[in-house]
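Notes for the structure review
Next come the chains, spelled out residue by residue.
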Amino acid sequence: MNWKTIRLLVQAYWLGNKPITSALERLSFKRKGSRSPLLTALIALMLIIMFIYFSLLLGLNYYSYQTLGILVEEPLLGLFVASALSFIVLLLFSFTSIHDFLYTAKDILLVRTLKVGDASTAISRLILLYLHYAPLYWFLTLPALVVGVFIQGFSLYYVLASLPYLLLGPMLPLCCSVLFAIAIIRASRGKRFRFLEETAPMVLMVLFIVGLSAAFTRNLGQDSLLDFQYESMMVTLAPILKTLQKQLPLFSLQAAQLFSGSSVLLVTAINGAVLLVTCLVVVRTYQTNLSKLLSNQSTRSRRRKEIAFKANSQMAALFKRELVVIRSNSSFLFELVGELFIPVILILVYMLTGVMDEMAGMAEVLTAFPFFEQLVFLTMLLVANLGMLSSTSVSRQGRMFVFDRLYPVPASVYVQAKLLFHFCLVGIPNLIYLSLSLLFFKVSLFHLVWMAPLSLCLILLAATLHLCIDYHNPKLDWTLAQQAMKSNTNGLIGLGLSFVLEVVAAGFLILPVLLDLPFIYFAAILFVLALFVLRHAYRLAVNLADQALSR
């Protein structure tokens, strides 16, 4: 193992991918040399607002648990919850990408052609894994550190103790994630149980986040953001959290290190021991695991070679390719399945947490609103359009997009195939969700007469606009799949357009009811306008696709 080589590998990856520079460049939604400073500033402001919003949300919840801890004589309860939350989120979030990050990333095959030892390659990938996921841990824990100042007041020791808390904190969940992934590789002899690997952590992650959000909202009062129902929390949550503190002493130790020097040393020793074991396991098994994974990939390719090109038409072939691209990487499946099945997951979590009873009581109040049907429609429309299925569709192809330029297929067919794919995965489930929502709230299904066509039209419009975004400036030079979706600014811009479309639809559907005007006429006007904009958006998408294919 050569530390100079490791440093060069990390620098080469960083300079080659330029994650920070690339993200800043893509904020402009323009190709190099044609950036709009105003648009860059607006998107940057949007990102800052979103960051502040989620930070405040986390901080308020940590504050509620810390105050609850003070009431039950457990003043470190807020920091304990932050440590446990960050550990679980980072463990689940990173698990699906361990195989790709350590073994099957595209740049690893290039490094293998050089005179670089397995130990240097393995250690460099672990360092890059830490650099990639540590910011997520910091984002989740920094609000807790700010709230923790109120326990004993601000001090220089608290600031200094926060440094090892932030720097060492990501190591343990990442090491556990790596060890779990290696154990699966060894047990399966390199076979990829892709469905289990990709869907199980995804489902657990979404259930965990939604359940946690439901628990947070149930504790809120009605007077202000700092008004929490502490009496109810002391009865329901305090005993559970006290039990968890006893059964999970590691997180309690992490919280205590901010006020105890001995705890800092103990946490450092634990993290150092786990990190050393992880490095030894990764280095000693790196060549074997890499060979197993690559050999199984080639075996699957040979088995599927005979049926790879049995589509009956260009549209069917391209439709099938969209499915293959999504299934080709766990990160794509993780993101998209989570987005598409959010309503189902919400219902399951609400049923398990007892929120469904409260929602049934709330439904009786909401149904009295004169625009209740429109509210249900807009909610389902927002759930359908808040996704990155089409806004990252081209980017997900990566360097394989070059083959689209070689196929004798017109640009319109590519666009139609992607829109058909979006319609099947988003439009049809949306109609099912709408029907079930109307049945749940005991509203006449006759409303589907205007809801169904308007919903499908607006969903196709959003998908077409998202395709325009991604065809205009696709992110094709990614080495990790996360860069094609999570780090892709096109997805954020698409979400912004979806919000704008939602506001416009709300104006056409709710304002007439408030003004005692027949809303059905305004719904018809909205439908005609959506069709008109859809027609021009489709032409723009085809033109941008043609430009992207001819570059």
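Residues numbered from 1 in each chain as written. Predicted model: local features only at pLDDT ≥ 70, side-chain atom pairs only at ≥ 80, totals over all residues. Heavy atoms only, no water.

**Points about the confidence of the model for the protein**
Of all residues in the protein, 77% have pLDDT values of 70 or greater, and the mean over the chain is 79. Across residues 299-311 the pLDDT falls below 50, and counting only partners more than four positions away or on other chains, this stretch makes six contacts in the model. (pLDDT = per-residue confidence, 0-100. Contact = heavy atoms within 4.5 Å.)

**Looking at the packing of helix α4 (residues 77-95) against helix α9 (residues 171-188)**
At a minimum axis distance of 8 Å, the contact between α4 and α9 shows a crossing angle of 40 degrees. Taken together, the axes of α4 and α9 are oblique relative to one another. Crossing of α4 against α9: the hand is right-handed. Across from F87, L90, L91, S94 and F95 in α4, the residues of α9 making contact are L172, P173, L174, C176, S177, F180, A181 and I184. Looking at the contact of α4 with α9 residue by residue, the class counts come to 11 nonpolar, two polar and no charged. (Axes fitted to C-alpha atoms, helices over the stretch in contact; angles between N-to-C directions. Helix = DSSP H or I, 4+ residues; strand = E, 2+ residues; numbered from the N terminus. Parallel < 35°, antiparallel > 145°, perpendicular 65-115°, else oblique. Left-handed = near helix turned anticlockwise from the far one by under 90°. Nonpolar A, V, L, I, M, F, W, Y, C, P; charged D, E, K, R; others polar.)

**Description of the pattern of salt bridges**
According to the stated counting rule, one finds two salt bridges in the structure shown. Between D404 and R321 there is a salt bridge; the shortest N-O distance is 2.4 Å. Placement of the pair is D404 in the loop between α19 (372-385) and α20 (411-440) and R321 in helix α15 (residues 314-327), with a sequence separation of 83 residues. Accessibility expressed as a relative area gives 1% for D404, which makes it buried. Residue K418 pairs with E322 through a salt bridge whose shortest N-O separation is 2.7 Å. Remark: E322 occurs in helix α15 and K418 occurs in helix α20; sequence separation between them is 96 residues. (Salt bridge = Lys/Arg side-chain N within 4 Å of Asp/Glu carboxyl O. Buried < 20%, exposed > 50% of the residue type's maximum accessible area, 1.4 Å probe, protein only.)

**Remarks on the packing of aromatic side chains**
One pass over the full model with this rule turns up eight aromatic pairs. For the pair F80 and F251, a centre-to-centre distance of 6.4 Å together with 65 degrees between the ring planes defines the contact as edge-to-face. With a gap of 171 residues between them, F80 in helix α4 and F251 in helix α13 (residues 249-256) connect regions that are remote in the sequence. Exposure class is identical for F80 and F251. Each is buried. Members of the aromatic cluster, joined through ring pairs, are F80, F87 and F251. (Phe/Tyr/Trp six-rings, centres within 6.5 Å; stacked < 30°, edge-to-face > 60°.)

**Observations concerning the side chain of N271**
Examined against the element boundaries, N271 turns out to sit in helix α14 (residues 261-304). The buried category is assigned to N271, whose relative accessible area is 5%.

**A look at the packing of α19 against helix α21 (residues 448-472)**
Interhelical geometry of α19 versus α21 gives an angle of 30 degrees and a closest axis separation of 10 Å. Judged on the interaxial angle alone, α21 and α19 are roughly parallel. The crossing of α19 and α21 is right-handed. Side by side, α19 and α21 meet where E373, Q374, F377, L381, A384 and N385 of the first sit next to W450, M451, L454, S455, L458, I459, A462 and H466 of the second. Of the residues that constitute the contact of α19 with α21, the class distribution is nine nonpolar, four polar and one charged.

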